[in-house]
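Remarks on the overall topology
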Amino acid sequence: MVVGTGMNPEVTSLISEHTSARRMELLTLEEAHDLLRLLEMVAAEGQDELSEEAQWFAREIAERIPSGN
């Protein structure tokens, strides 16, 4: 699995090599917006490492997809 640079290796080690994310190459736009909302909720829950990683992923996804509005 390829992960982005700047990510915390302790958190990314939680991502299994056998997840459906590894097999899924593309998301639909609707799925990307759903994932973005989920990541934003996790990021807003606190200042722990998981929240920080969710915030990083949310920023990366938001930069790559058109606005949902």
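Structural notes, computed from the coordinates. (Residues numbered from 1 in each chain as written. Predicted model: local features only at pLDDT ≥ 70, side-chain atom pairs only at ≥ 80, totals over all residues. Heavy atoms only, no water.)

1. Some remarks on the overall build of the chain
The helix and strand inventory of the chain stands at 4 helices and 0 strands. Scored against the burial criterion, the 69 residues of the chain give a buried share of 23%. Sequence separation of at least 24 residues holds for 53% of the intrachain contacts in the chain that already meet a minimum separation of 6. Summed over its atoms, the accessible surface of the chain is roughly 5500 Å², and 55% of this surface lies on carbon and sulfur atoms. (Helix = DSSP H or I, 4+ residues; strand = E, 2+ residues; numbered from the N terminus. Buried < 20%, exposed > 50% of the residue type's maximum accessible area, 1.4 Å probe, protein only. Contact = heavy atoms within 4.5 Å. Areas by Shrake-Rupley, 256 points an atom, 1.4 Å probe, with all protein chains shown as cover.)

2. Looking at helix α3 (residues 29-44)
Here α3 spans 23 Å end to end across 16 residues, near enough to the 22 Å set by a 1.5 Å rise per residue. Looking at α3, one finds that the buried residues are Ala32, His33, Leu36, Leu39 and Ala43. Down the axis of α3, the buried side of the element spans an arc of 125 degrees, and every buried residue falls inside it. Opposite the buried face of α3, by more than 90 degrees, sit the exposed residues Glu30 and Met41. Here the buried face of α3 lies against α4 (49-64). (Expected span 1.5 Å × (residues − 1). Arc of directions from axis to C-beta.)

3. Remarks on the packing of α3 against α4
Taken N-terminus to C-terminus, the directions of α3 and α4 make an angle of 150 degrees; their axes are 8 Å apart at the nearest point. As summarised for this structure, α3 and α4 are arranged roughly antiparallel, according to the angle between their axes. Pair α3 / α4 crosses with left-handed handedness. Of α4, the residues touching α3 (which contributes Ala32, Leu35, Leu36, Leu39, Glu40, Val42 and Ala43) are Leu50, Ser51, Ala54, Gln55, Phe57, Ala58, Ile61 and Ala62. Split by residue class, the contact of α3 with α4 holds 12 nonpolar, 2 polar and 1 charged. (Axes fitted to C-alpha atoms, helices over the stretch in contact; angles between N-to-C directions. Parallel < 35°, antiparallel > 145°, perpendicular 65-115°, else oblique. Left-handed = near helix turned anticlockwise from the far one by under 90°. Nonpolar A, V, L, I, M, F, W, Y, C, P; charged D, E, K, R; others polar.)

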